[in-house]
Number of protein chains: 2
Amino acid sequence: MEIPRGLRTYIYDQSARKRWVEERLLKVFFRWGFQEIVTPAFEYLDTFSEGGNGVSTDRVFKFTERGTGKLLALRPDITPQIARTAATLLKDSPKPLRLCYCGNVFRSADPGSGEGQELYQGGIELIGLDSPEADAETIAIAVECMKELGLDGFKVAIGHMEFIKGILSDARLNEGLQEEIKLKIQKKDASGLDDVLSRCPIKNEKKDGIRKILNLFGGKEVIDKAREIADNPVSLRAIDNLRKVYQMLTVYGVDDSVLIDLGEVRGFGYYTGLIFEGFIKGLGSEICGGGRYDNLLERYGAKIPATGFAVDINRIIDVLEKEKKGKSDFMIDYIVIDFRDDKKIAQEISHRLRERGYKVARDIIKRELLDSLKYAENMNIENAIIMGTGDIKEGEAVIRKISTGVEKKLRIEDL
Amino acid sequence: MEIPRGLRTYIYDQSARKRWVEERLLKVFFRWGFQEIVTPAFEYLDTFSEGGNGVSTDRVFKFTERGTGKLLALRPDITPQIARTAATLLKDSPKPLRLCYCGNVFRSADPGSGEGQELYQGGIELIGLDSPEADAETIAIAVECMKELGLDGFKVAIGHMEFIKGILSDARLNEGLQEEIKLKIQKKDASGLDDVLSRCPIKNEKKDGIRKILNLFGGKEVIDKAREIADNPVSLRAIDNLRKVYQMLTVYGVDDSVLIDLGEVRGFGYYTGLIFEGFIKGLGSEICGGGRYDNLLERYGAKIPATGFAVDINRIIDVLEKEKKGKSDFMIDYIVIDFRDDKKIAQEISHRLRERGYKVARDIIKRELLDSLKYAENMNIENAIIMGTGDIKEGEAVIRKISTGVEKKLRIEDL
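Residues numbered from 1 in each chain as written. Chains lettered and ligands numbered in written order. Predicted model: local features only at pLDDT ≥ 70, side-chain atom pairs only at ≥ 80, totals over all residues. Heavy atoms only, no water.

With that out of the way, let us pick up the overall build of chain A. Secondary structure assignment for chain A yields 13 helices and 18 strands. For chain A, whose C-alpha radius of gyration is 28 Å, the value lies well above the compact-globule estimate of 22 Å for 415 residues. In terms of its C-alpha atoms, chain A occupies a principal-axis envelope of roughly 95 × 55 × 45 Å. Evaluated residue by residue, chain A yields a buried proportion of 59% over its 415 residues. Partitioning the intrachain contacts of chain A with sequence separation of at least 6 by distance along the chain shows that 67% fall at a separation of at least 24. Total accessible area computed for chain A in this model is approximately 16,900 Å², and 47% of it derives from carbon and sulfur atoms. Placing the 65 positive and 68 negative side-chain charges of chain A at their respective mean positions leaves the two points 0 Å apart. (Helix = DSSP H or I, 4+ residues; strand = E, 2+ residues; numbered from the N terminus. Rg over C-alpha atoms; globule rule 2.2 N^0.38 Å. Buried < 20%, exposed > 50% of the residue type's maximum accessible area, 1.4 Å probe, protein only. Contact = heavy atoms within 4.5 Å. Areas by Shrake-Rupley, 256 points an atom, 1.4 Å probe, with all protein chains shown as cover. Lys, Arg positive; Asp, Glu negative; His and termini not counted. Charge placed at Lys NZ, Arg CZ, Asp CG, Glu CD.)

Shown next, in the form of structure tokens:
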């Protein structure tokens, strides 16, 4: 039986790795004083379209509500749901709110695209502050998550939505040209950018300024270079904001994981200020990303600034799988094999070991010892406890380590 | 902004309680040697309709797949997905498989029904064995789950699909009458049952036998009473099977939590043998349920017997909420409030405490101390660490317990 493309079933080491990643992410979030929120897997489509979450509406799975015919949508993104909750249910709660989550999101993908249709994400939202402190805290947590997951060579690239926006709107270019320019800059496509600029009715000086954005990538020094290009109050404020956040990141001691990339423009429609993406060595696509979204909550009825980020759990699982790292202990400690008809002792031993925290399966099928041992090997079981066969006397048991075959005889009461 | 009926957002103590329940369930499942499986939130509708899972098809949320137009369905039940995986991906794995899960299922509900449309379930599937040992293990785990959750007065009512089936098919009644009779018996509706029986073309002796099923509810003695009524090989085998399972439950020491209820017929279409439901004092509806489904895997291509059960996490959360029990520690240990401009020390202290496992929020907003303390009280924060204000000297901090207001001054290096 076939299952739809872009969906995965996780089992054994895969589910163990997924759980390991999620537990570690939540541990970091909790440590920073964030509290969990669990939102429904679907809502009215309005929640997401009004949120302008940048996942185009035709990638949202839609269906109708029984009795009303209203359009429901599988969530393509959890941030709009938390924004909705913060702007309604938690509107009058003191701020800031520190909320975190782990869950799945859904994005319809074309056949052959190879894209996942169900993605797992963990993330935080820091709601109620528009200060650089809040942006810095968010980035510091992202860096700590990657350290906690043991991902080496992790870098965060920081950009700012307002920097380019200021330069382009100062040039009084129409929306279409602005979007074309942004796309070329994001793709670091110099000749493509020249092409677009040749069609722009602006001074050569201004064109030079726009071309220089392509080089605004690197360390702290990029902030000063950007300051020189900024020829309008919006871009200047953006650079000032970026500088303050960077300073705070040195207080957090994470500045060595941080790059500046002012050509970066995140796709999601709701970002308004500082944005960032996280990368690791050898993986082209980002494994986390986020930023400031000061206008999103207003769409749900309360003008409250906010920032946050989400981690792409699927990609992290893939990386850890390749490096054979990071999975919770999914091995079963013991299988209890008792050949006698009376299962009381087998059950008592299993119970006693479980009480002490061990994972114990009982071999409740009649078969040869060899078959049971082969089963144990296949099913990730570490040791067998064998009773009631061969030269194992009443009151005795043999513990066999499956991987080595080493056996040890002992009295049952000593187990 | 409105959200659809029958959906919940969990926050603060609610999400903490949900997490607490799920962690405890998985702990029990793992302890018994079960391993986690994570299945996709939706699949082709076929997986569920072929599974005959008893959730009527019009309660399944359906939508179409991009590019193919095929019907997709939000899973109304996780068991068919695991059965599918076991019959395909894990077909050649040695048996038994011990698989467990925690996840959400979706069931479209009528307006005004008050029913949830997204339900959380945790459960196990023990696949590959048709022996009473497997049924007994499943029930023993259900009992242990309820103990682990601290639910008092928990009882499991055990029934058997084949017992009534044998009696009714022996009576050669048509399908319609059989269904009517089953429904009346399930509802323990004696006069309704009389009504249906008056329309049945069978001997009075047989009618008396069917009426007696209503009384087949109680302790171990019910097994003997049922033995007397069983007038056909199918029912006799069912009783024999039930007796063996019951005997094993005494080995597990859980027989005092077990009742026999031979009038019980679970709604789900795929059950074939021993079935059970779990109840707690003061709650009318069951909080867990399951049983044997020996024909389900065949629908996905492999004839393999299986048994399992699922826990209704939403109902358990409601019960624990009412009793003010069972939630993971969601309180934040400290809020660090530093009135000085240089945040280095505040950040260092926060970092140090987080390293030691504490949950620490920093107060990164400029406001009066009183406002910060009010915030802490509202946001489930236990202690405030205050620096740089009033008579608190350089190098000193005050720790204030929010609930009592008791303060203690100490040197920052001793924190």
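The peptide bond linking Lys95 of chain A to Pro96 of chain A adopts the cis configuration, its omega dihedral lying at 0°. Mapped onto the elements, Pro96 of chain A comes out in the loop between helix 3 (79-87) and strand 6 (97-106). Even without being glycine, Tyr12 of chain A reaches a positive phi, approximately 50°. Topologically, Tyr12 of chain A is positioned in the loop between strand 1 (10-11) and helix 1 (13-31). Given the relative accessible area of 13%, Tyr12 of chain A is considered buried. Positive phi, close to 50°, is recorded for Lys188 of chain B, a residue that is not glycine.

Now for the pairing of strand 11 (residues 274-279) of chain B. Residue and element names in this part refer to chain B. Burial runs high along strand 11: 5 of the 6 residues are buried. Taken together, the 6 bridges between strand 8 (residues 155-160) and strand 11 define a ladder with antiparallel strand orientation. Bridging across to strand 11, Gly159 finds its partner in Ile275. The pairing of strand 11 with strand 12 (residues 288-292) spans 4 bridges and is antiparallel. Along strand 12, the bridge assignment pairs Glu277 with Gly289. (Pairing = 2+ DSSP bridges.)

With that settled, the discussion passes to the confidence of the model for chain A. Detailed reading of the predicted coordinates is not advisable wherever pLDDT is low. Here chain A shows a mean pLDDT of 93. Residues at 70 or above account for 98%. Listed scores for the predicted complex are pTM 0.94 and ipTM 0.93. (pLDDT = per-residue confidence, 0-100.)

Attention now moves to the domain arrangement of chain A. Domain boundaries in chain A define domain 1 (13-323) and domain 2 (331-411). Measuring from the centre of the C-alpha atoms in domain 1 of chain A to the corresponding centre in domain 2 of chain A gives 52 Å. (Domains from an automatic or database assignment.)

In this section: helix 1 of chain A. For helix 1 of chain A, which comprises 19 residues, the first-to-last C-alpha distance of 27 Å matches the rise-based estimate of 27 Å (1.5 Å per residue) to within 8%. Looking one or two residues past helix 1 of chain A, Gly33 of chain A carries a phi angle of roughly 85°, positive in sign. (Expected span 1.5 Å × (residues − 1).)

With that out of the way, let us pick up the packing of helix 9 (residues 221-229) of chain A against helix 10 (residues 233-251) of chain A. Residues and elements named next belong to chain A. Running from N to C, helix 9 and helix 10 cross one another at 165°; their axes reach a closest spacing of 9 Å. Taken as axis vectors, helix 9 and helix 10 run roughly antiparallel relative to one another. The element helix 9 and its partner helix 10 pack so that their crossing is left-handed. Listed contacts from helix 10 to Ile223, Asp224, Ala226 and Arg227 of helix 9 are Leu236, Ile239, Leu242, Arg243 and Tyr246. Residues that form the contact of helix 9 with helix 10 fall into these classes: 6 nonpolar, no polar and 3 charged. (Axes fitted to C-alpha atoms, helices over the stretch in contact; angles between N-to-C directions. Parallel < 35°, antiparallel > 145°, perpendicular 65-115°, else oblique. Left-handed = near helix turned anticlockwise from the far one by under 90°. Nonpolar A, V, L, I, M, F, W, Y, C, P; charged D, E, K, R; others polar.)

Once that is clear, we can look at the interface of chain B and chain A. Each partner contributes residues to the interface: chain B has 91 residues there, and chain A has 91 residues. Summing both partners gives a buried area of about 8,100 Å² for chain B against chain A, and 58% of it is carried by carbon and sulfur. If you sort the residues of chain B by the area they bury against chain A, Met1, Arg66 and Ile364 of chain B come out on top, with a joint share of 11%. Put simply, chain B and chain A have 12 salt bridges between them. Applying the counting rule to chain B against chain A returns 34 residue pairs in polar contact (both at pLDDT 80 or more). (Buried area = accessible area lost by both parts, 1.4 Å probe. Salt bridge = Lys/Arg side-chain N within 4 Å of Asp/Glu carboxyl O. Polar contact = N/O pair within 3.5 Å; in protein donor to acceptor, adjacent residues only side chain to side chain.)

Now for the sheet that holds strand 14 (residues 332-338) of chain A. Across a sheet, strands are paired by hydrogen bonds formed along the backbone, either parallel or antiparallel in direction. Residue and element names in this part refer to chain A. Strands sit in the order 15-14-16-17-18 across an open sheet of 5 strands; the sheet is mixed. Of all the strands in the sheet, the pair left with one neighbour each is strand 15 (360-362) and strand 18 (407-411). Across the sheet, the axes of successive neighbouring strands diverge by a mean angle of 25°, strand direction being ignored. As judged from the 3 bridges shared by strand 14 and strand 15, these two strands associate in the parallel manner. Within the sheet, the bridge partner assigned to Val336 lies in strand 15 and is Arg362. Across the sheet, helix 12 (residues 344-355) touches strand 14, strand 15 and strand 16 (381-387), and the angle it forms with strand 15 is around 165°.

Quick look at the pattern of salt bridges now. Enumeration according to the criterion identifies 74 salt bridges over all chains in this entry. We note a salt bridge from Arg66 of chain A to Asp58 of chain B, for which the minimum N-O separation is 3.5 Å. Remark: Asp58 of chain B occurs in the loop between helix 2 (45-51) and strand 4 (62-64) and Arg66 of chain A occurs in the loop between strand 4 (62-64) and strand 5 (71-74); the pair is interchain, linking two chains. Overall, the relative accessible area of 22% leaves Arg66 of chain A in the partly exposed class. The salt bridge partner of Asp391 of chain A is Lys409 of chain A, with a shortest N-O separation of 3.8 Å.

This next bit is on the sheet that holds strand 8 (residues 155-160) of chain A. Overall, mixed pairing links the 10 strands, which are arranged 9(A)-10(A)-8(A)-11(A)-12(A)-13(A)-7(A)-6(A)-2(A)-1(B) in an open sheet. Two strands in the sheet have a free side with no partner beyond their single neighbour: strand 9 (217-218) of chain A together with strand 1 (10-11) of chain B. Where strand 12 (residues 288-292) of chain A and strand 13 (residues 306-312) of chain A come together, 5 bridges link them in antiparallel fashion. Among the inter-strand pairings, Arg292 of chain A is bridged to a residue of strand 13 of chain A, identified as Thr307 of chain A.

Okay, the pairing of strand 18 of chain A next. Side-chain positions along a regular strand alternate between the two faces of the sheet. All names here are of chain A. The pairing of strand 17 (residues 396-401) with strand 18 spans 5 bridges and is classified as antiparallel. Pairing of Arg400 across the sheet is with Glu407, part of strand 18. Connecting strand 17 to the antiparallel partner strand 18 that follows it, the hairpin turn spans 5 residues, and Gly405 within it adopts a positive phi of roughly 80°.

Tallied over the entire structure, the rule returns 23 aromatic pairs over all chains. Ring geometry for Phe42 of chain A against Phe106 of chain B: centres 6.1 Å apart, planes inclined by 50°, an arrangement best described as tilted. Of this pair, Phe42 of chain A sits in strand 3 (residues 42-44) while Phe106 of chain B is found in strand 6 (residues 97-106), placing the two residues in two different chains. Classification of Phe106 of chain B by relative accessible area gives buried; the value is 0%. Taking the centre distance of 5.5 Å and the plane angle of 75° together, the rings of Tyr334 of chain B and Tyr358 of chain B count as edge-to-face. Note that Tyr334 of chain B is positioned in strand 14 (residues 332-338) and Tyr358 of chain B in the loop between helix 12 (344-355) and strand 15 (360-362), a separation of 24 residues in sequence. According to the relative accessible area criterion, Tyr334 of chain B is buried, its value standing at 13%. One aromatic cluster in this structure is built from Phe42, Phe61, Phe63 and Phe106 of chain A together with Phe42, Phe61, Phe63 and Phe106 of chain B. Arg367 of chain A extends its terminal NZ or CZ atom over the ring of Tyr375 of chain A, reaching a point 4.4 Å from the ring centre. (Phe/Tyr/Trp six-rings, centres within 6.5 Å; stacked < 30°, edge-to-face > 60°. Lys NZ or Arg CZ within 6 Å of the ring centre and 35° of its normal.)

Residues and elements named next belong to chain B. Counted under the stated rule, the structure contains 0 disulfides over all chains. Free cysteine Cys288: the closest other cysteine sulfur is in Cys145, separated by 7.7 Å. Cys288 gets classed as buried once you look at its relative accessible area, which sits at 3%. (Disulfide = S-S within 2.5 Å.)

Attention shifts here to the side chain of Asp333 of chain A. Residue and element names in this part refer to chain A. Among the structural elements, Asp333 can be located in strand 14. The charged side chain of Asp333 is buried without a salt bridge, its nearest counter-charge being Lys359 at 5.8 Å. A polar atom in the side chain of Asp333 sits 2.7 Å from the backbone nitrogen of Lys359. Those residues in contact with Asp333 that sit more than four places away from it in its chain are Tyr358, Lys359, Glu382 and Asn383.

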